[in-house]
Structures are given as structure tokens and as C-alpha cells.
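Read off the chains here:
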Amino acid sequence: MSTPGPASVTAKSLNEPAFALQHDWRQQYGRPQVFASLLLLAFLGQCLWLMAHTPLSPMEQSYIQQGQAQLSAGTVAEDAVRSPLTALTASLEVPRDRFQRFAEVRWLARLPFLIAGLLLGASIWYVARRLYGNVGGYIALALYAFAPSMVQRSAAAQPMILATWGTFGAIFTAIAVSHTLYAPREVVLWNWKRIALLGVALALAVGAQVGLLLILPLAFAIMLYVVPERRRAALAIFAAACAVAWLLFWAFYNFHLHAMLRGLAHLGGREFMPSLLGHKLTYELLGVFFLRLPAPTLLLIAALITYAVWKRPRYFGTTAPLIAFAYLILLGIVLPQQGGYTMFVAALPFAFVFIAGVFADLLATSAAGIVFGMLTGILIAHALFSLMGLARVR
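Computed from a predicted model, the values in this text were never measured in an experiment.

A.B. asks: Where do I start with the overall build of the protein in this structure?
C.D. replies: Across its full length, the protein carries 17 helices and 0 strands. Put simply, the protein has 394 residues, and 55% of those count as buried. Counted over contacts in the protein with a minimum sequence separation of 6, partners at least 24 positions apart contribute 78%.

A.B. asks: Could you clarify how one ought to interpret the confidence of the model for the protein in this entry?
C.D. replies: Do not read the predicted coordinates in detail wherever pLDDT is low. On average, the protein scores 86 in pLDDT, and the residues at 70 or more come to 86%. Under a pLDDT of 50 for its full length, residues 1-26 has, in the predicted model, 73 contacts with residues more than four places off or in other chains.

A.B. asks: What is the right way to look at unusual backbone geometry in this model?
C.D. replies: Even without a glycine there, the phi angle at Asn254 is positive, about 55 degrees. Turning to its location among the elements, Asn254 is positioned in the loop between α11 (231-252) and α12 (257-265). Judged by relative accessible area, which is 26%, Asn254 ranks as partly exposed. Non-glycine residue Phe255 carries a positive phi angle of around 60 degrees. Structurally, Phe255 can be placed in the loop between α11 and α12.

A.B. asks: Whenever I open this one, the packing of aromatic side chains confuses me. Can you help?
C.D. replies: Centre-to-centre distance and the angle between the planes together describe a pair of aromatic rings. For the structure on display, the rule yields 16 aromatic pairs. Aromatic pair Phe289 and Phe344: ring centres 5.6 Å apart, planes at 50 degrees, arrangement tilted. A residue pair is termed long-range when its members are at least 10 positions apart, and Phe289 in helix α13 (residues 280-291) and Phe344 in helix α16 (residues 341-362) qualify at 55 residues. By the ring-pair criterion, three or more aromatic residues cluster together here, those being Phe289, Phe290, Phe325, Tyr341 and Phe344.

A.B. asks: Quick question: what am I supposed to make of the pattern of salt bridges here?
C.D. replies: Note on pairing: side chains with opposite charge can pair once their charged atoms come close. Counting across every chain of the model gives 3 salt bridges. The partner of Glu60 in a salt bridge is Arg110, with the nearest N and O atoms 3.0 Å apart. You can see Glu60 sitting in helix α3 (residues 58-73) and its partner Arg110 sitting in helix α5 (residues 102-145), a full 50 residues away along the chain. Using a relative accessible area of 4% as the deciding quantity, one classes Glu60 as buried. Exposure remark for Arg110: the relative accessible area of 1% places this residue in the buried category. Ionic pairing is found between Glu284 and Lys280, a salt bridge with its closest N-O pair at 3.9 Å. Here Glu284 pairs with Lys280, and both are found in helix α13, just 4 residues apart, close to one helical turn.

A.B. asks: Looking at this model, I keep getting lost on the nonpolar core. Mind explaining?
C.D. replies: Across soluble globular proteins, nonpolar side chains have a tendency to be buried as a group. Grouped together as the largest cluster of nonpolar side chains are 133 residues, with contacts concentrated most on Tyr144, Phe325, Leu328 and Phe359. It is α5 that contributes the most residues to this core, 21 residues altogether. Setting aside its immediate chain neighbours within four residues, Tyr144 contacts Phe43, Gly117, Leu120, Gly121, Ile124, Met150, Ser154, Ile161 and Phe352.

A.B. asks: Got a minute to help me understand the packing of α13 against α16 in this structure?
C.D. replies: Two numbers describe a pair of packed helices, the interaxial angle and the distance between the axes. Running from amino to carboxyl end, α13 crosses α16 at an angle of 40 degrees, the nearest separation of the two axes being 12 Å. Taken together, α13 and α16 sit at an angle that is classed as oblique. The way α13 lies across α16 gives a crossing that is right-handed. Contact with α13, carried on its side by Leu286, Phe289 and Phe290, involves Tyr341, Phe344, Val345 and Leu348 of α16 and no other residues of that element. Here the residues of the contact of α13 with α16 are counted per class, giving 7 nonpolar, no polar and no charged.

A.B. asks: Whenever I open this one, the packing of helix α7 (residues 160-179) against helix α10 (residues 215-226) confuses me. Can you help?
C.D. replies: At a closest axis distance of 9 Å, the pairing of α7 and α10 adopts a crossing angle of 20 degrees. Comparing their axes, α10 and α7 come out roughly parallel. The way α7 lies across α10 gives a crossing that is right-handed. Two secondary-structure elements touch here, α7 through Thr167, Ala170, Ile171, Ala174, Ile175, Val177, Ser178 and His179 and α10 through Ile215, Leu218, Ala219, Ile222, Met223 and Val226.

A.B. asks: What's the story with the environment of Leu197 in this structure? I'm lost.
C.D. replies: Tracing the chain through its elements places Leu197 in helix α9 (residues 192-208). Residues Leu197 and Val177, 20 residues apart in the sequence, show an inter-C-alpha distance of 9.7 Å.

A.B. asks: Explain the environment of Ala234 to me, please; I cannot follow it from the model alone.
C.D. replies: Position of Ala234 among the secondary structure elements: in helix α11. The spacing of Ala234 and Phe220 is 14 residues in sequence and 8.1 Å in space, taken between C-alpha atoms. Excluding residues that lie within four positions of it along the chain, Ala234 makes contacts with Leu181, Phe220, Met223, Leu224 and Val227.

Rules used throughout
Residues numbered from 1 in each chain as written. Predicted model: local features only at pLDDT ≥ 70, side-chain atom pairs only at ≥ 80, totals over all residues. Heavy atoms only, no water. Helix = DSSP H or I, 4+ residues; strand = E, 2+ residues; numbered from the N terminus. Buried < 20%, exposed > 50% of the residue type's maximum accessible area, 1.4 Å probe, protein only. Contact = heavy atoms within 4.5 Å. pLDDT = per-residue confidence, 0-100. Phe/Tyr/Trp six-rings, centres within 6.5 Å; stacked < 30°, edge-to-face > 60°. Salt bridge = Lys/Arg side-chain N within 4 Å of Asp/Glu carboxyl O. Core = buried A, V, L, I, M, F, W, Y, C linked by side-chain atoms within 4.5 Å. Axes fitted to C-alpha atoms, helices over the stretch in contact; angles between N-to-C directions. Parallel < 35°, antiparallel > 145°, perpendicular 65-115°, else oblique. Left-handed = near helix turned anticlockwise from the far one by under 90°. Nonpolar A, V, L, I, M, F, W, Y, C, P; charged D, E, K, R; others polar.

Have a look at this one:
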């Protein structure tokens, strides 16, 4: 990874974690924030439309019942594949005397997931804007706000949006907390807020999908890369964050150690299927996944080609999300029973940020007019594609 370019990341630009949005919103609420708010409102409108026109699925109903049983009787489900976090979240706002009347509680059951989707969108805007400026923030958030995969997952009581938000927050919070180590201060005490945020992000990711436990090596490797001179300090911070995540994950199981270990034990060697990397069907299914997102896929291909042939975008600010994207796609392939499709969805925000970074650099060249016209047309088509899909939901 080369030195940062003009639109690139600096230690200052990543001084706050992905979850810590308060710094940005304490500043003057100007045009960038207004435009971002409009995009988030468009995302909210799509989610509300889908929630209003889609009854609770049998899977959502089972999550509500499982969560109510755990909240009332402390009973943790025997299903080792599904973490109770999704069930607890789905039943969090549902009154106990009404949870069996599913038609009446679908809004309450889905509300926490809608909030998670909005917060993920805000996190993407925050990170992309800090890295690449306002233009980068607009591109990343526009891709997210009209991505059918994200709208559908935010409008239903299911684990994917929690896993996605947790994964995105874990990687970028790990980067942010590493950059703070350049300041000569107490490692753990001074960073306790960021450590807590990193722990919460990891707990959300692993709590929603246990296979995402494998993002820990990636997060730690990135931390070591960012601060090669203070790797012991990075280790101390990462260990403290993992302790926070472990405690929260244990709480998801009502502090039943056996149930928690049973859930973790399901991520065993039998779940790894590296042979799938050589199967034609794997790439056909992956192709179907990306073809459902034609505009982002087109921009991703263009961004990858640009990244390969042009040195300017090859800096840490674009390379880190690209690595995270590729890593999650790889996990989704080799762990079909422990994530699979969830991993693919969790990879998308990193793709959006990567695309935003590359195109922010392209818009700073002499070909900015052509790039802007092409990008605007593709993003408009992206929005229309999403809205036309929603119009078919009755």
C-alpha cells in the first residue's frame, strides 16, 4: 500500500471510530448533512413501504417467539446455529401479551432492525466523508440507500443487518483506535470509549452470525499494520475490546456458559469447505448475487480496473475496505453453512466505500466532467431500479 493520495485517509481523518457519529453532527448542519439526511430519508421511506406491504415471515415469527421465551423464562434456544441476539432484538419492543398476534406486532418487531439499518447508513456516510470528502460520502451513501439487499434486510427481523453493521463498525473502529496510538497517551484508559465501541461492534457481528468471529484476525492484522511501532499497545487495546465483546456475547445467552460454548463450538473445522472455491456453481451463485445489484456491480468493476491500472487510488484509505470486502466474500464461499449469504451482504458496505474512494480520486482529475456524468447516470439508474422493485411489492 502506497502513501496516501490527495483524497486519502490520514491519521486525523480516522481519529474517530465508525460508530462515533456525534463529532460530525455537532458541527454546523450544512448542505452535506442535508443531502445525507435526504438520502437516509429515501432509505427510510423504502424500508417503511416494504414493512407495510410484507407480513411477518415464519422465520421472523420464530425469532419473536424465541426471544420472548428467553426474556420471560431465560430459556436459550437449542439451535446452535442461530445466536439469540436476533431473537432478543426482534422481541425487544414487543409486549409479552401481544407477541402471538403477529399482524399487530410486525412494526415493533422490525423497528430495531430498521434503526440498525439507518445507523449503518449514517456510519457509511461518516466514514466515506472522513476519508474522501463530501463527494465520497454522497457516492457511498447513495449506493447504500438504494441497494435492495440493504433495504430488504433493514425492513425485516433477521440477523443480516445487525451482522453487517457490526462488521463495518468493527473494521473501521479498529482502524480509528489504532490511529489514536500515535498520540503519546495512556493506551487503555484514554481509549476506553473506543475500546467499548469496538467491543460492541464485534459483539454485534458475532452475536448475529457466529461465523463472523473470523473477522477478528482481519481487524487485528489491520491494527498491527496501522501502528507498526506500537504493536504491543494495539494488542492491549484489541484484547480489551475482545473482553468487552465476550462479556456482551455471553449476556446474549443469559450468561449460560454451556449454551454460549455450544454456539461457538458449531464453528468447527467441518464447516470450512475450501473445495467450493473450485466449483463452478459457487461463482454462478456469486454472479447472481451481484447481478441483483447491477449499478453497484458496474461501478465496482470500474473501480477495480481503475485501482489495478492507476497508482493514485492505491493507498490505505481505499485498500483497507477492498481487503475487507474480498475477505468477507472469501468467508462466504468457504463457510456456506455459517454465514454464506450473510457474509456477502456484510461485504457490500465495504464495496460501497471502496467505490466512493476510487471515484472521488477520478473526480479530481481532468476527466471529472465525463466521470461525473457517467456516475450520476448510474446512480440515478440505481435508485430507479430499487424503486421499481418496491413498486412490485403489493
